[in-house]
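Spelled out, the chains give:
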Amino acid sequence: MATKKATTMTANDGCALEARNLKKIYKRGSEEIVAVDGVSLNVEKGEFISFIGPSGSGKTTLINILGCLDNATSGSLKIGGETVFSDNCSLSESDLTKIRRRVFGYIFQKFYLVPTLTVLENVLLPFAFFQKAEASADPMEILRNLGLEKRIDHRPSELSGGEMQRVAIARALVNKPEILLADEPTGNLDTKRSGEIGEVLRSLNGRDGLTILLVTHNPNLARIAHRTIELRDGRIFG
Amino acid sequence: MATHKINIYQVAYKNLLRKKTRSLLTILGIGLSAWVLVSLLGFNQGYESALNKDIDNMGFQVLVTAKGCPYEAATLMLKGGTGLRYMKESIISDILKHKEVEGITPQLMAAVFDPNRGESGGINAYLGVDPATFPAMKSYLKFKQGGWFTDPNAVEAVVGYEAAELEQREVGDKLLIPEKNVELKVVGILNRSGTADDGTIFVPLRTVQKIFEKEGLITAAGIKVNKNANMTELENKLYDLPDVQVVSMAQVKTTIMSLVSTAKVMVFSIALIAILIAMLGVINTILMSVFERFQEIGIIKSMGAMPWDVFRMIWTETVILCLLGGGLGIGFSFGLSKITDVLIRRLLPYTPTGSLVIINGSLALLTLGVVVAIGLVSGVYPAWRASRVRPLESIRSEGD
């Protein structure tokens, strides 16, 4: 059932993501830790949302669930109008992968570039596993837009932190995702490079209409989003 | 549309470049195992054919001796030069009547005690051979110096390579037979043949018969059998002769092969251990690299890689290591086959002359197949572990 849902899912206008009463509970011994506590949320297509909050507030757990990297304990999630999961239905790793490769692009605090591959090869890496026939982007164009066209033959060790993150962004964009998830993308960068990455995200959203969900501790970065959601103790605050 | 491409195999290959030393050491380990394996398989092929060639080189396939008589010099020495038994020379013509017999050469072994040999004396053995038939039958014997006897009754000797070294004789020197006070003139010294002939002193049959007063008697007759003849049938016929024993080289071969099979079991055990060690090395290398790349593999999965994609990528890394290691080992085995030969010669109780290790293309391919199969088996666990990495695990370490 779930597989079918995943593979037949198509994007439609309007809501990119619709989450209802999401809960994530971890068990540590006899103790239960509620990481996400009944979050309901709509994300419109083309919207740029930032999630802020103190450490342990559940923002990363929340976007992992929204980004199909993790299952919720309960609640429901629709992507592009199609139900991904609802109560008592959790998806297998393969089903989650099928959704991920069609809908999402991810960037993380650490860049996770493959050190033995060149910039261009790192950007092409997703194609080794999956390539959207109808919507593959031109990697060279993406690299040009990110100001990396002269670095394509360089190895990650020859790049600055900001450049590495831009390569990671290019890699996330190469399969033309509908939604970009960015989890602390500037956590390893100085203020200047953080500003650059902020600009890149803003332009991806403004120019290309990409839906972006951003988790950050950086208030300056959070400010560029259309909407900022603050989380505390696994709940939306305010 | 993208024109640039990258595939899983390229990614796997480049992953191995990450820790070059570790990859190289693993390849070297596999290479050494492959070397041992291909050399052993080559030895398996080579030894028997070398032994067959050696037996053909003996010139005769069946030896008929008087019952109880030692049939080669080493046994004679062990018996302290005693125990020689004699047959009448007329037996030669009886044996020649059989249709299976292509040729025959009579031999008379004689031994004397030499008080000057070693610290407390020793046995000198002389083999009387027929100048008319013996050299033709043993055509592989080549001379280092000189040649065969000048006359069937000449008081001359042809000395085997090792015997000449031991006695320190050259062509033209004299060789005294103790007790008999006869001096033989050395007319030829043989090249090393790797057979018992190396330690033998050959004297014309008539001369030995005369010196040792054994006229009309011989100790053995070497028989060359027709190529298509039935050996067993001939042996049975020969046993009908009175008071003889028949030593077939086929029996000797069986004895040697059974000796060698013990050594083979030992060497194959070593190969097995080498392969097991290489296998563990491969598992260790790949598993370590999987653990080191845990987060990276998670990211690859977040990009859309299915468990099978990751499995295939890691499996490919293993196969690349094994292919390179196997290739290296086969290269070793071709390049170092001489060293292998020497090593095996030291290990075995008896080794024939000629190439002991025969390595050819099909053997090399077989070994490569075995090594790659080992790689595929070794790679299953690390690849399975990698395929089970969840993308979340790679992100979780980043806090929140």
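Residues numbered from 1 in each chain as written. Chains lettered and ligands numbered in written order. Predicted model: local features only at pLDDT ≥ 70, side-chain atom pairs only at ≥ 80, totals over all residues.

### A look at the overall build of chain A
- Scanning chain A from N- to C-terminus turns up 8 helices and 10 strands.
- A total of 238 residues make up chain A; the buried ones form 51% of that total.
- Counting contacts in chain A only where the partners sit at least 6 residues apart, residues at least 24 apart contribute 73% of the total. (Helix = DSSP H or I, 4+ residues; strand = E, 2+ residues; numbered from the N terminus. Buried ≥ 20, exposed ≤ 12 C-beta atoms within 10 Å, placed from the backbone. Contact = placed C-beta atoms within 7 Å.)

### Comments concerning the packing of helix α11 (residues 307–335) of chain B against helix α13 (residues 361–387) of chain B
All names here are of chain B.
- Between α11 and α13, the least distance of the axes is 7 Å, while the angle of their chain directions is 150 degrees. Between α11 and α13, the interaxial angle falls into the category roughly antiparallel. Crossing hand, α11 versus α13: right-handed. (Axes fitted to C-alpha atoms, helices over the stretch in contact; angles between N-to-C directions. Parallel < 35°, antiparallel > 145°, perpendicular 65-115°, else oblique. Left-handed = near helix turned anticlockwise from the far one by under 90°.)

### Quick notes on the interface of chain A and chain B
- Taken together, the contact pairs 37 residues of chain A with 31 residues of chain B.
- Broken down by secondary-structure element, the contributors of at least two residues to the side of chain A that touches chain B are α2 (59–66), α3 (93–103) and α4 (119–124) of chain A.
- In terms of residue class, the side of chain A that touches chain B is built from 16 nonpolar, 11 polar and 10 charged. (Nonpolar A, V, L, I, M, F, W, Y, C, P; charged D, E, K, R; others polar.)

### Looking at the confidence of the model for chain B
- On average, residues of chain B score 83 in pLDDT, and 92% of them reach the 70 mark or higher.
- The ipTM for the predicted assembly is 0.82, set against a pTM of 0.68. (pLDDT = per-residue confidence, 0-100.)

### As for α13 of chain B
- Across its 27 residues, α13 of chain B extends 37 Å between first and last C-alpha, which sits within 8% of the 39 Å expected from 1.5 Å per residue.
- Burial in α13 of chain B covers these residues: Leu 363, Ala 364, Thr 367, Val 371, Ile 374, Gly 375, Ser 378, Gly 379, Pro 382, Ala 383, Ala 386 and Ser 387 of chain B. (Expected span 1.5 Å × (residues − 1).)

### Here's the deal with the packing of helix α9 (residues 249–292) of chain B against α13 of chain B
Residues and elements named next belong to chain B.
- Viewed as axis vectors pointing N to C, α9 and α13 meet at an angle of 25 degrees, and their least axial separation amounts to 9 Å. Judged by the angle between their axes, α9 and α13 are roughly parallel. Seen from above, α9 lies across α13 with right-handed handedness. Contact residues: Ile 275, Met 279, Val 282, Ile 283, Ile 286, Leu 287 and Val 290 in α9; Ile 374, Gly 375, Ser 378, Gly 379, Tyr 381, Pro 382, Arg 385 and Ala 386 in α13.
- Residue composition of the contact of α9 with α13, grouped by class: 11 nonpolar, 3 polar and 1 charged.

### Let's talk about the sheet that holds strand β9 (residues 227–232) of chain A
Residue and element names in this part refer to chain A.
- The sheet built from 6 strands is open, its strands ordered β6-β7-β8-β3-β9-β10 with mixed pairing. In the strand order of this sheet, the two ends are held by β6 (104–107) and β10 (235–237), each with one partner. Across this sheet, the average inter-strand angle for adjacent strands is 25 degrees, counted without regard to direction.
- When strand β3 (residues 48–52) meets strand β8 (residues 211–215), the two strands line up parallel, connected through 4 bridges. Counted as the bridge partner of Phe 51 is Val 215 from β8. (Pairing = 2+ DSSP bridges.)

### Things to note about the sheet that holds strand β2 (residues 31–44) of chain A
All names here are of chain A.
- Within the open sheet, the 4 strands sit side by side as β2-β1-β4-β5. Their pairing is antiparallel. Each edge of the open sheet is held by one strand with a lone partner, namely β2 and β5 (82–85). With direction set aside, neighbouring strand axes in the sheet form an average angle of 25 degrees.
- As judged from the 5 bridges shared by strand β1 (residues 15–28) and strand β4 (residues 74–79), these two strands associate in the antiparallel manner.

### A few points about the pairing of strand β3 (residues 101–114) of chain B
- Judged from the 6 bridges that link them, β3 of chain B and strand β11 (residues 220–225) of chain B form a sheet pairing that is antiparallel. By the bridge assignment for β11 of chain B, Val 101 of chain B is matched with Val 225 of chain B.

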